[in-house]
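These are the residues of each chain, in order.
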Amino acid sequence: MNGQELMRKMLHSYERSYDITAPCLVNGHTYDAGAYYNESGAKYVLTKKAELWRISCYEDVYFRVVNELDEAVLDAFLDDFINWIEPKVVRGGKEVPDTDHMYTLVTGVFFADQPVSKAVRKKIRRYHYYKNYRFSLRGYCQVRLLVFDMTEKKLIGNRAARELLKGYNKVFRP
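Small disclaimer: the values here were computed from a predicted structure and weren't measured.

Visitor: Outline the overall build of the chain, listing residues and values.
Guide: Looking only at helices and strands, the chain features four helices and nine strands. Element order for the chain, N to C, with α for helix and β for strand: α-β-β-β-β-β-α-β-α-β-β-β-α. Relative to a compact globule of 174 residues, whose C-alpha radius of gyration would be 16 Å, the chain shows 17 Å and is just as compact. Oriented by its inertia axes, the alpha-carbon framework of the chain measures out at about 55 × 30 × 25 Å. For the chain, with 174 residues in total, the buried portion stands at 43%.

Visitor: Describe a nonpolar patch on the surface, and please don't skip the residues or the numbers.
Guide: Side chains of Val-45, Leu-46, Leu-52, Trp-53, Ile-55 and Met-102 sit close together on the surface and give an oily, nonpolar patch of about 620 Å² of accessible area. With three residues, strand β5 (residues 51-66) is the single largest residue contributor to the nonpolar patch. Its location among the elements puts Trp-53 in strand β5.

Visitor: Describe the environment of Trp-53, naming the residues involved and giving the relevant values.
Guide: In this structure Trp-53 comes out as partly exposed when scored by relative accessible area, which is 43%. Note: C-alpha distance between Trp-53 and Asp-100 (47 residues apart in sequence) is 8.0 Å. Every residue in contact with Trp-53, bar those within four places of it in the chain, is listed here: Gly-41, Ala-42 and Lys-43.

Visitor: Got a sec to walk through the nonpolar core? Specific residues and values, please.
Guide: As a rule of thumb, nonpolar side chains are buried together in soluble globular proteins. Counting 28 residues, the largest nonpolar core has Tyr-62, Leu-69, Phe-77, Val-106, Ile-124 and Leu-145 as the members making the most contacts within it. When contributions to this core are tallied by element, the ones reaching two or more residues are β2 (24-26), β5, α2 (71-90), β6 (101-112), α3 (118-126) and β8 (140-149). With seven residues, the top contributor of residues to this core is α2. Setting aside residues up to four positions removed in sequence, Leu-69 forms contacts with Leu-74, Phe-110, Ala-112, Val-116, Val-120, Ile-124 and Val-147. Tyr-14, Tyr-18, Val-109 and Ala-161 belong to the second largest nonpolar core, which has 21 residues in total.

Visitor: Mind laying out the side chain of His-101, listing which residues take part and the relevant values?
Guide: Within the element layout of this structure, His-101 appears in strand β6. Accessibility expressed as a relative area gives 6% for His-101, which makes it buried. Of note is the side chain of His-101, whose polar atom sits 2.7 Å from the side chain of Thr-104. Beyond its immediate stretch of four places on either side in the chain, His-101 contacts Ser-56, Tyr-58, Val-90, Tyr-133, Arg-138, Gly-139 and Tyr-140.

The rules behind these values
Residues numbered from 1 in each chain as written. Predicted model: local features only at pLDDT ≥ 70, side-chain atom pairs only at ≥ 80, totals over all residues. Heavy atoms only, no water. Helix = DSSP H or I, 4+ residues; strand = E, 2+ residues; numbered from the N terminus. Rg over C-alpha atoms; globule rule 2.2 N^0.38 Å. Buried < 20%, exposed > 50% of the residue type's maximum accessible area, 1.4 Å probe, protein only. Patch = residues over 30% accessible without salt bridge, like charges linked within 9 Å, V, L, I, M, F, W, Y side chains within 5 Å. Areas by Shrake-Rupley, 256 points an atom, 1.4 Å probe, with all protein chains shown as cover. Salt bridge = Lys/Arg side-chain N within 4 Å of Asp/Glu carboxyl O. Contact = heavy atoms within 4.5 Å. Core = buried A, V, L, I, M, F, W, Y, C linked by side-chain atoms within 4.5 Å. Polar contact = N/O pair within 3.5 Å; in protein donor to acceptor, adjacent residues only side chain to side chain.

Structure below.
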């Protein structure tokens, strides 16, 4: 199985709950697909007009199949996140997200058909981005990185993607 086939399978499982855009254009860079999920919850008394609280949770996933995952490809995604995704998508061009924002998880999923170098593995594992807005009163944003090394049949991710690693580790089991 190559990266393109695995991405198609993953997108098929995502399409039940996520809005999928393929291809996805972000800050002038093209990703093979983007998956977007939002969930909203509220508590109210007697009628919906008497709302006590409301929360909104978001997840944005960007998929990319590459022949070789090098630092330039990874840095391009991280630059897209810092310069476009976080200010324009997460915050909506404002100083902070809306009042009911609880969290936004931004996940970069890469499928590498060639082996991933040790330097790139180290960079992925050490990458950390967590930003809270107004002391978490307006929620937080976190970046997760997930790489499928198709040649060595390994899964690489940062600390924030730990739960994803546990779930997707089954992909490479015989």
